[in-house]
Amino acid sequence: MNFKKITFFCLIFSILTININAQIGDFDSHGFNYARGDQMFTVRAGILWPLFFATPFSAPPDRSAGIHSTNLSIGGVGALEWSSYINSRVTLGGELSGMFAFSPNGRVLYMIPLTFKAAYWFRRYPFEFPIHCGVGVSLNSIGGDSFSLDFIVKPGASAIWNFNHEWAFGFHAVYWWIPQIYTGRGRVPREHTMFGNFLETTFSAMFRF
Amino acid sequence: MKIRYIFLIFIFFVMFSCNESDMGIFHGLSVEERIPDGTLPRNLTIGSMLRAGTNLYIAAGDVWRKAGAADWERIPSPLGGGFHLSTSMATDGTDIFAVYFHRNTAETALFRLDAGDIWTEINIVSAVEGSIQEVKSANNTIFVSRRVSANEGRLYYLNGAAFNHINIPMVGSSFNVIHDGTDFWISNRNRIFSGAAPGTVSDAHSLHGRNTIRGLAAHGGNIFFTYWDGSRRSYIRYITSAGSPGTYSTSQIFMLNNIRFINISGYYFLLCGTGGRGYFQSEQQFNPSPEHLIRINRPRGNTLVARNYSSAVELHTAAILDFFIDGTGPGGSPMPDDTFYALTATRGLWRNFDTGGGREWRRE
């Protein structure tokens, strides 16, 4: 990269920094004092990365115990979230998510988790860094033929930039852990028990009211 | 105390988990492999299939031919492409016939495939007007149906060089025909006809008028058929060659299509395609009774497919219109270790064969 390009990017960065600093000053003067009952609504969209399936059981001759590929494509994910402050640091709420990804033969996996969510908020204005965990159920379906309702845990962390008092935009990394447990008493054998592991990376728009 | 409540909530969700299928979703994904493409388009709807010598043919919009071990090739449509859609074809052991629909007028016509892949239109001289609908064959005899009106049809068979009318009352133009080694059996709507010659068939069995017979097959001296009762239930039933009724299968909520028999390593299976839910098969039996054969189930990764699980999953949700048994012996009896094909709607043609290390489905 030549000197002119470096100068150009430094100039652009300086302009942006000046602008942000101006906004930081504005935010600091307002302060962010959240109280019990304050609410927020968040819309997220992004990518779901299938990580791996894990199982303690072998299912001969198809597969062994241990870690296995999901064989899924990178998926799309979206979520709607509502939460409310119970004090200035902790929020409780609920979240409805949805994802899709494709199998090697074009079958579509859908998962729709419905979770209760708790978050603890660290702050360095105009940024906020909540860590959170959702717990609930996920409706899972593939190919229009198989359906299951499974437990899901979604721990994660976010980085949120406050545009103003009402609006904020953020980036989220959320781990999806879905234990698909079969006891063997139904039609599905116990050996088909597997733990699904996915990573959600999303951008969000948040509205506080 | 709080930990106990959290634990109870966890247990509740685990106990609440359920699955309507017979396979774990994640497990199925973990063992899924990409099904290799064949030389035919993946999305074909296969109306019918036949073997003529060393060549295989399918009617799937276009007519396709597989000569020996060569790839499938498309045979040009007749009359410069004006007739472009073929959904049925049949052979009398010498000639190949196909029904084509015209691209613009929806007119239909019967064609014969002559040397050089030239289609020659065959006229069925008849006092009754109507459009040609289906061509099928049994015991090297060609049968053609013609729709006369919305609810009335006519059936003809090729007798030498001329098509003769078969004097049976037809509702609509859809029919099935088989030969059990002795007699011809023809089904139309809720009735079955039989006779030693096509021109002499007469009533053999009839169901209630609300039923529609979907498929017909002969095995072990009995005639098996599938039918739909008009209220979302399908059945398999059999009658003896003398026309005596046998027992019914349990009803299925899926639309059952045509019915076929195969022989794998000396074991007889009944196969029956469904509308959108793969196929049913009878359990493995060495010398099965008819009651055993109509006791069908819908396995995923079934006993015919020791390998290639992904293909079985793909077929599990397909609409299978029919099976073509490539090796059926005289009288329609299954041959040992049949290679057979699944004719699907919009999911192409699939072959089930012995790879030497087990049987598997492969997309053609």
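Residues numbered from 1 in each chain as written. Chains lettered and ligands numbered in written order. Predicted model: local features only at pLDDT ≥ 70, side-chain atom pairs only at ≥ 80, totals over all residues. Heavy atoms only, no water.

**Q** Looking at this model, I keep getting lost on the overall build of chain A. Mind explaining?
**A** Counting its regular elements, chain A contains 1 helix and 9 strands. Nonlocal contacts in chain A, meaning residues at least 24 apart in sequence, comprise 60% of its contacts between residues at least 6 apart. Of the roughly 10500 Å² of accessible surface on chain A, a fraction of 70% belongs to carbon and sulfur atoms. (Helix = DSSP H or I, 4+ residues; strand = E, 2+ residues; numbered from the N terminus. Contact = heavy atoms within 4.5 Å. Areas by Shrake-Rupley, 256 points an atom, 1.4 Å probe, with all protein chains shown as cover.)

**Q** I'm lost on the overall build of chain B in this one. Help?
**A** From N to C terminus, chain B includes 4 helices and 29 strands. Of all 364 residues assigned to chain B, the portion counted as buried reaches 54%. Pairs at least 24 residues apart make up 41% of the contacts formed inside chain B by residues separated by at least 6 positions. (Buried < 20%, exposed > 50% of the residue type's maximum accessible area, 1.4 Å probe, protein only.)

**Q** Would you explain the sheet that holds strand E24 (residues 279-282) of chain B in this entry?
**A** Backbone hydrogen bonds hold the strands of a sheet together, and the pairing may be parallel or antiparallel. All names here are of chain B. Read across the sheet, 4 strands follow the order E22-E23-E24-E25 without closing on themselves; strand pairing throughout is antiparallel. Either end of the sheet is taken by a strand with one partner, and the two such strands are strand E22 (256-264) and strand E25 (296-297). When E24 meets E25, the two strands line up antiparallel, connected through 2 bridges. Residue Ser282 lies in a different strand from E25, and its bridge partner there is Ile296. (Pairing = 2+ DSSP bridges.)

**Q** Mind showing me how you'd approach the sheet that holds strand E29 (residues 359-363) of chain B here?
**A** All names here are of chain B. Here 4 strands make up an open sheet; going across it, the order is E26-E27-E28-E29 and the pairing antiparallel. Only two strands of the sheet have a single partner each, and these edge strands are strand E26 (319-326) and E29. The mean inter-strand angle of the sheet, taken between neighbouring strand axes irrespective of direction, is 25 degrees. Of the pairings in the sheet, the one linking strand E28 (residues 349-354) to E29 comprises 5 bridges and is antiparallel in character. Residue pairing in the sheet places Trp350 in a bridge with Arg363 of E29. (Axes fitted to C-alpha atoms, helices over the stretch in contact; angles between N-to-C directions.)

**Q** Quick question: what am I supposed to make of unusual backbone geometry here?
**A** For residues that are not glycine, phi is negative in most cases, and the peptide bond is trans in most cases. For the bond running from Tyr125(A) to Pro126(A), omega is 10 degrees, close enough to zero to count as cis. Note on placement: Pro126(A) falls in the loop between strand E5 (108-124) and strand E6 (127-142). Positioned with a positive phi, Asn71(A) is a non-glycine residue whose angle comes to about 60 degrees. Following the sequence through the fold, Asn71(A) ends up in the loop between strand E2 (66-68) and strand E3 (75-85). Given the relative accessible area of 26%, Asn71(A) is considered partly exposed. Residues other than glycine seldom take positive phi values, yet Arg189(B) does so here, at roughly 50 degrees. Topologically, Arg189(B) is positioned in the loop between strand E15 (184-188) and strand E16 (191-195). Looking at Arg189(B), the relative accessible area reads 35%, which means it is partly exposed.

**Q** What is the right way to read the confidence of the model for chain B from this model?
**A** Interpretation of the predicted coordinates at a detailed level should be avoided for regions scoring low in pLDDT. All names here are of chain B. For chain B, per-residue confidence averages 83 on the pLDDT scale, and residues scoring 70 or more make up 83% of the total. Across residues 301-307, where pLDDT falls below 50, the model places 25 contacts with residues more than four positions away in sequence or in other chains. Prediction confidence for the complex, expressed as pTM and ipTM, is 0.72 and 0.81 respectively. (pLDDT = per-residue confidence, 0-100.)

**Q** Help me out: how do you make sense of the pattern of salt bridges in this one?
**A** Think of it this way: side chains of opposite charge can pair up when their charged atoms draw near. Residues and elements named next belong to chain A. Applying the stated criterion across every chain, the model contains 18 salt bridges over all chains. The partner of Glu95 in a salt bridge is Arg44, with the nearest N and O atoms 2.9 Å apart. Placement of the pair is Glu95 in strand E4 (residues 90-102) and Arg44 in strand E1 (residues 39-55), with a sequence separation of 51 residues. A residue is classified by how much of its surface remains accessible, and Glu95, at 4% relative accessible area, is buried. Taking the relative accessible area as the measure of exposure, Arg44 reaches 3% and is therefore buried. Of the charged contacts in the structure, one is a salt bridge between Glu200 and Arg44, with a shortest N-O distance of 2.9 Å. You can see Glu200 sitting in strand E9 (residues 194-208) and its partner Arg44 sitting in strand E1, a full 156 residues away along the chain. Both residues of the pair, Glu200 and Arg44, belong to the buried class. (Salt bridge = Lys/Arg side-chain N within 4 Å of Asp/Glu carboxyl O.)

**Q** Sorry, what's going on with the nonpolar core here?
**A** Soluble, globular proteins show a tendency: their nonpolar side chains are buried together. One finds Met99(A), Leu109(A), Met111(A), Trp176(A), Phe198(A) and Phe26(B) to be the most contacted residues of the largest nonpolar core, which totals 18 residues. Of all the secondary-structure elements, those providing two or more residues to this core are E1, E4, E5, strand E8 (167-180) and E9 of chain A together with helix H2 (25-30) of chain B. Beyond its immediate stretch of four places on either side in the chain, Phe26(B) contacts Phe53(A), Met111(A), Ile178(A), Gln180(A), Met194(A), Gly196(A) and Phe198(A). In terms of nonpolar packing, the next biggest core, distinct from the first, is built from 15 residues, Ile262(B), Tyr279(B), Ile325(B) and Trp361(B) among them. (Core = buried A, V, L, I, M, F, W, Y, C linked by side-chain atoms within 4.5 Å.)

**Q** Which parts of the structure should I look at to understand the pairing of strand E23 (residues 267-274) of chain B?
**A** Along a regular strand, successive side chains alternate from one face of the sheet to the other. Residue and element names in this part refer to chain B. E23 sits mainly inside the fold: 6 of its 8 residues count as buried. Connecting E22 to the next strand, E23, in antiparallel fashion are 2 residues, including Ser265 with a positive phi near 55 degrees. Relative to E24, E23 runs antiparallel, the two being bridged by 3 bridges. Bridge pairing in E24 places Cys272 opposite Phe280. In sequence, E23 turns back onto E24 through a hairpin of 4 residues, with Gly276 there showing a positive phi of about 100 degrees.

**Q** What exactly am I supposed to notice about the environment of Thr120(B) here?
**A** All names here are of chain B. Among the structural elements, Thr120 can be located in strand E9 (residues 118-122). Along the backbone, Thr120 and Ser231 are 111 residues apart, and their C-alpha atoms lie at a distance of 42 Å. Setting aside residues up to four positions removed in sequence, Thr120 forms contacts with Leu110, Phe111, Arg112 and Asp114.

**Q** Would you mind going over the side chain of Glu134(B) with me for this structure?
**A** Residue and element names in this part refer to chain B. Residue placement: Glu134 occurs in strand E10 (residues 131-138). Engagement of the side chain of Glu134 in a polar contact is seen with the backbone nitrogen of Phe175, the distance being 3.5 Å. Apart from the residues within four sequence positions on either side, Glu134 is in contact with Ser88, Val99, Phe143, Val144, Ser145, Ser173, Ser174 and Phe175. (Polar contact = N/O pair within 3.5 Å; in protein donor to acceptor, adjacent residues only side chain to side chain.)

**Q** Is there a simple way to explain a nonpolar patch on the surface in this structure?
**A** Residues and elements named next belong to chain A. A cluster of nonpolar side chains, Phe41, Val43, Leu80, Trp82, Leu96, Ile112, Leu114, Leu139 and Phe209, forms an exposed patch at the surface whose accessible area comes to about 800 Å². Contributing elements (two or more residues each) for the nonpolar patch: E1, E3 and E5. Residue placement: Phe41 occurs in strand E1. For Phe41, a relative accessible area of 36% corresponds to the partly exposed category. (Patch = residues over 30% accessible without salt bridge, like charges linked within 9 Å, V, L, I, M, F, W, Y side chains within 5 Å.)

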